[in-house]
Amino acid sequence: MLPLTQTNVLIVGAGISGLATAACLQRQGIEYVIIEKHARVASAWHNHYHRLHLHTNKRISQLPYKKFGKNIPRYPSRQQVIDYLNDYQQAFNIKPVFNTTATFIKKEGDYWITQTTNGIFQSKFLVMATGPFGKPKPVELQGMETFPGKIMHSAAYKTGKDFANQKVLVIGFGNSACEIAIDLFEQGATPFMSVRSAVNIVPRDVLGVPVLEFSLLLNWLPPRIADLLSAPLANALIGDITKLGLKKKPYGPLEQVQREGKSPILDIGTIQLIRKGKIKIVGDIEFIEGNMVHFKQGQTQPFDAIIACIGYSKDEINIIEVDRNRFEDLQVSANRQQYFGKDGLYFCGYYISPTGQIHEINADARKIVKNIRGI
Ligand SMILES: Cc1cc2nc3c(=O)[nH]c(=O)nc-3n(C[C@H](O)[C@H](O)[C@H](O)COP(=O)(O)OP(=O)(O)OC[C@H]3O[C@@H](n4cnc5c(N)ncnc54)[C@H](O)[C@@H]3O)c2cc1C
């Protein structure tokens, strides 16, 4: 018989969202239990590639009630984020039940019943904090089984050192793809980027100010208007990307977040390397034959390795048995969610925000706890 734990609030996941929610509950003296499938907090950040720095500035990337230290740079490194989260856990005395994976969750009467690999949890409130980036999308390329080199998802990429002196094809043009291409170049590899879709690119900083600080100021405007206002400066700083073999989206970066739930590219130097010919742009892949990659535009090139920066699937959340509308609702911020808190169920950190996701998680966690308190 599996053990049963009863608690007021159960938080599933001890990443940034889970920790932020736990700290807010602790501050209010509300009893909770937090479970985590791995053996440490913020496991995602331990696994990310080594070069990673926050693309969002530290002022808007801190969790409730604790700032990044003054000596930490504006864009903290992966390790500095891990250290900050470990300190955060200590500061708020957060003690997750580790090695405990939620496998199925449903509401029974007044309670949420969470089945896990380590017993059953019964709670009045449930906060899902498993993150939207936990499950890499499978890499599926025609002929990939004939490729003699490494093919990996960006989630498995660690450092460009592993690819020194190799010709590497990076698939995709998101923020991870753009940083991985820089890393490959810096570590002595020759990166190419296969880009299928049109993109929006904004400089990470404008006149020495983080661009997301401007996004925050413009956030009250309809995205299309905010894009119109910011476009001239961003375009002047980034230049004409169509000359680099890239296509520009017909709408701006803020509208992109609203329409697609995907962040625009915050450029940290990739564009300059493309301009200098250090990173080369190629089109969409048609098929692979041995070490040769055939592109839809007709050209063919040999490669030593392929890194697919193709994003993550959101299926993981399906462990919870609820009306599908509850998942649709996560395409907007907590303030606009129709079902926010209904039946004592909350989601922290699933909405992809134009002002940075950690910033949104901070707001979500506070709002959730306020709602649980009933104020
Ligand atoms: C490469 C990368 C870079 C990013 N950079 C930035 C940035 O610069 N700025 C920014 O604002 N945002 C950034 N983000 C987005 C976002 O802030 C991070 O993904 C952040 O880690 C999200 O925190 P989270 O707690 O919601 O999810 P996660 O960090 O994924 O944590 C979820 C936790 O839940 C656990 N879990 C999952 N399923 C279960 C289960 N069934 N049972 C128990 N536990 C479970 C996981 O093990 C994990 O510890 C980045 C994302 C990625 C992928």
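Look above for the structure.
Described in the following lines is the structure provided in the data block. Note that the structure is a prediction, hence the values are computed from the model and not measured.

Turning next to the packing of helix H6 (residues 223–238) against helix H7 (residues 253–260). Relative placement of two packed helices is described by the angle separating their axes and the distance separating the axes. For the pair H6 and H7, interaxial distance at closest approach is 7 Å and the crossing angle is 155°. In this view, H6 runs roughly antiparallel relative to H7, as classed from their interaxial angle. Residue-level inspection shows Pro-223, Arg-224, Ala-226 and Asp-227 of H6 in contact with H7, the latter providing Pro-253, Leu-254, Glu-255 and Gln-258. Among the residues forming the contact of H6 with H7, the class breakdown is 4 nonpolar, 1 polar and 3 charged.

Read from one edge to the other, the open sheet built from 3 strands follows the order S15-S16-S17, with strand pairing classed as antiparallel. Both edges of this open sheet fall to strand S15 (285–289) and strand S17 (300–302), since each of them pairs with a single strand only. Here the strands of the sheet are splayed against their neighbours by 25° on average, with no regard to which way each runs. Pairing analysis gives 3 bridges linking strand S16 (residues 292–295) to S17, with the strands arranged antiparallel. Looking at S17, one finds that Met-292 is bridged to Pro-302.

Moving on, we get to the site of the ligand. Around the ligand sit 28 residues in total, of which Ser-17, Glu-36, His-55, Thr-56 and Ile-358 are the nearest. One of the side-chain N or O atoms of His-38 is found 3.1 Å from an oxygen atom in the ligand. Residue Ala-102 places a main-chain N or O atom 2.9 Å away from a nitrogen atom belonging to the ligand. For the ligand, whose free accessible area comes to 970 Å², the fraction covered by protein is 92%. At the level of elements, helix H1 (16–27), helix H2 (43–47) and helix H10 (357–373) are the ones that each hand at least two residues to the shell around the ligand. Tallied by class, the residues present in the shell around the ligand amount to 11 nonpolar, 15 polar and 2 charged.

To continue, consider the packing of H1 against H10. It is the contact of H1 with H10, at a shortest axis distance of 9 Å, that shows an interaxial angle of 40°. Taken as axis vectors, H1 and H10 run oblique relative to one another. Relative to H10, the crossing made by H1 is right-handed. On H10, the residues that touch Ile-16, Ser-17, Ala-20, Thr-21, Cys-24 and Leu-25 of H1 are Ile-358, Ile-361, Ala-365, Arg-366, Ile-368, Val-369 and Ile-372. Here the contact of H1 with H10 is built from residues that sort into 10 nonpolar, 2 polar and 1 charged.

Conventions we followed
Residues numbered from 1 in each chain as written. Predicted model: local features only at pLDDT ≥ 70, side-chain atom pairs only at ≥ 80, totals over all residues. Heavy atoms only, no water. Axes fitted to C-alpha atoms, helices over the stretch in contact; angles between N-to-C directions. Helix = DSSP H or I, 4+ residues; strand = E, 2+ residues; numbered from the N terminus. Parallel < 35°, antiparallel > 145°, perpendicular 65-115°, else oblique. Contact = heavy atoms within 4.5 Å. Nonpolar A, V, L, I, M, F, W, Y, C, P; charged D, E, K, R; others polar. Pairing = 2+ DSSP bridges. Near = heavy atom within 4 Å. Polar contact = N/O pair within 3.5 Å; in protein donor to acceptor, adjacent residues only side chain to side chain. Areas by Shrake-Rupley, 256 points an atom, 1.4 Å probe, with all protein chains shown as cover. Left-handed = near helix turned anticlockwise from the far one by under 90°.

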